[in-house]
Amino acid sequence: METTEWIFWQHSTVPVYQKQASLHDLVTKIVSCQSTRSLSKTDRALFKDAEDSDYVIATDETIFRPQGGGQPSDNGQMKLKRDRIVSFDVKLVRKAAEGQIYHLGGFSGLGQLLRGGDAVIQIIDTAKRNYHSRYHTAGHILGLAVRQLKEKVGDVSEVKTNHAPGMAFVEFRGLISGEHKSDIQERVNELVQRNIPVNVDWWDEKNAKAHCAALPEGFSIPDDGDVRVVDVEGVGAYPCGGTHLPTTGDIGETVVRKISRQKGVTKISYAIASP
Ligand SMILES: [Zn+2]
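About the thresholds
- Residues numbered from 1 in each chain as written.
- Predicted model: local features only at pLDDT ≥ 70, side-chain atom pairs only at ≥ 80, totals over all residues.
- Heavy atoms only, no water.
- Helix = DSSP H or I, 4+ residues; strand = E, 2+ residues; numbered from the N terminus.
- Buried < 20%, exposed > 50% of the residue type's maximum accessible area, 1.4 Å probe, protein only.
- Contact = heavy atoms within 4.5 Å.
- Phe/Tyr/Trp six-rings, centres within 6.5 Å; stacked < 30°, edge-to-face > 60°.
- Lys NZ or Arg CZ within 6 Å of the ring centre and 35° of its normal.
- Pairing = 2+ DSSP bridges.
- Donors = N, O, S within 2.8 Å, 3.2 Å for Na, K, Ca; no water.
- Tetrahedral: all angles 85-135°; square planar, octahedral: opposite > 155°, others 65-115°.
- Salt bridge = Lys/Arg side-chain N within 4 Å of Asp/Glu carboxyl O.

A. Region of interest: the environment of Asp54. Topologically, Asp54 is positioned in the loop between α2 (41–44) and β4 (55–59). You can call Asp54 buried: its relative accessible area is 4%. Sequence separation between Asp54 and Lys91 is 37 residues; the distance between their C-alpha atoms is 9.7 Å. In this structure, Asp54 is in contact with Ser35, Thr36, Lys91, Leu104 and Gly105, ignoring residues within four places of it in sequence.

Here it is, written out as structure tokens:
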């Protein structure tokens, strides 16, 4: 099937998921459609496992959260508004250096019907989004549980996180003994059971630096000013671009799996119950 390739307009995609994470469908406009073969070398490198038959679509705005910050990307569909038979399955979403958010996938129906400026309906896979959000929020809870226990486990600080199902962990600079596993598990359970509100907010530089539990290594204030922050009410906040759940109780059972130490860094892996 031949699909016309074009770049109707090239600009930064408006990341709607950042301010309206509960929006799971949205009508927006297509601004470019390219085959993976015609992407620049830099953009092609974002999609290592893509097939030559795949296409990359950018839209004016998007509710699809790209892969990043340890969270896998959203999946879902985009349907042409004037002819819903034309549908594009979104397999992977990545943010390019210039600010475009690219949706990688393939067409079902006649992809060549697409034209620049066409209205499409974006629909994200809600079950997957919620699962990723639960995993992600659980990572924050694990970090905060360890912080609350610092008298016992030591004064450590988060350096890296991965919230992908099956391989999730939080890494801390500093050593935590394996004997603290049950204490950490208990504190995680308590924070989940308390059903604490998880708020996403935008803070200025001063506030973010003063009130965040930890700032990522190499943290810098975005050019447009405020920092997106996730705040577990009364427990602690982090700068974060991920998707979260309204309360800690939504995470459900969280299991602290393993504590391992290497070169001054402690890695605590964790898992949550499947949906
Ligand atoms: Zn987060």
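On we go.
B. Structural detail: the packing of aromatic side chains. Inspection of the entire model under this criterion finds four aromatic pairs. Counting every residue linked through ring pairs, the aromatic cluster contains Tyr55, Phe88 and Phe107. Directly above the aromatic system of Phe169 lies the positively charged group of Lys267, at a separation of 4.3 Å from the ring centroid.

C. Expanded view of the pairing of strand β6 (residues 76–80). Only one face of β6 is buried: it carries Gly76, Met78 and Leu80, and the other face, with Gln77 and Lys79, is open. The pairing of β6 with strand β7 (residues 87–95) spans four bridges and is classified as antiparallel. From the neighbouring strand, Gln77 faces β7, where its bridge partner is Asp89. Taking the residues between adjacent antiparallel strands as the criterion, β6 and β7 are bridged by six residues. One ladder, built from five bridges, connects β6 with strand β9 (residues 119–124); its direction is antiparallel. Bridge pairing in β9 places Met78 opposite Gln122.

D. How the structure looks around the environment of Gln148. Its place among the elements puts Gln148 in helix α3 (residues 126–148). Accessibility expressed as a relative area gives 33% for Gln148, which makes it partly exposed. Spatially, the C-alpha atom of Gln148 lies 9.7 Å from that of Gly236, the residues being 88 residues apart in sequence. Contacts of Gln148, omitting those with residues within four sequence positions, involve Arg187, Leu191 and Val235.

E. Main features of the coordination of the zinc ion. Donor atoms from the polypeptide that coordinate the zinc ion comprise His136 (NE2), His140 (NE2), Cys240 (SG) and His244 (NE2), at 2.0 to 2.2 Å from the metal. Its four donor atoms give the zinc ion angles of 98 to 123 degrees at the centre, a pattern that matches the tetrahedral case. Along the chain, the residues that donate to the zinc ion are spaced as H-x3-H-x99-C-x3-H. In this pair, His140 is assigned in helix α3 and His244 in the loop between β14 (236–239) and β15 (254–262), connecting sequence segments 104 residues apart. Relative accessible area serves as the criterion here: at 13%, His244 is assigned to the buried category.

F. Structural context of the pattern of salt bridges. Evaluated as defined, the whole model comprises seven salt bridges. Across the pair Arg129 and Asp74 runs a salt bridge, and its minimum N-O distance is 2.7 Å. Pair noted here: Arg129 is in helix α3 and Asp74 is in the loop between β5 (61–62) and β6, with a separation of 55 residues, a long-range link. Residue Arg129 shares its accessibility class with Asp74, and that shared class is buried. In this structure, the salt-bridge partner of Glu158 is Arg147, at a minimum N-O distance of 2.7 Å. Of the two residues, Glu158 sits in strand β10 (residues 157–162) while Arg147 sits in helix α3, which places them eleven residues apart along the sequence.

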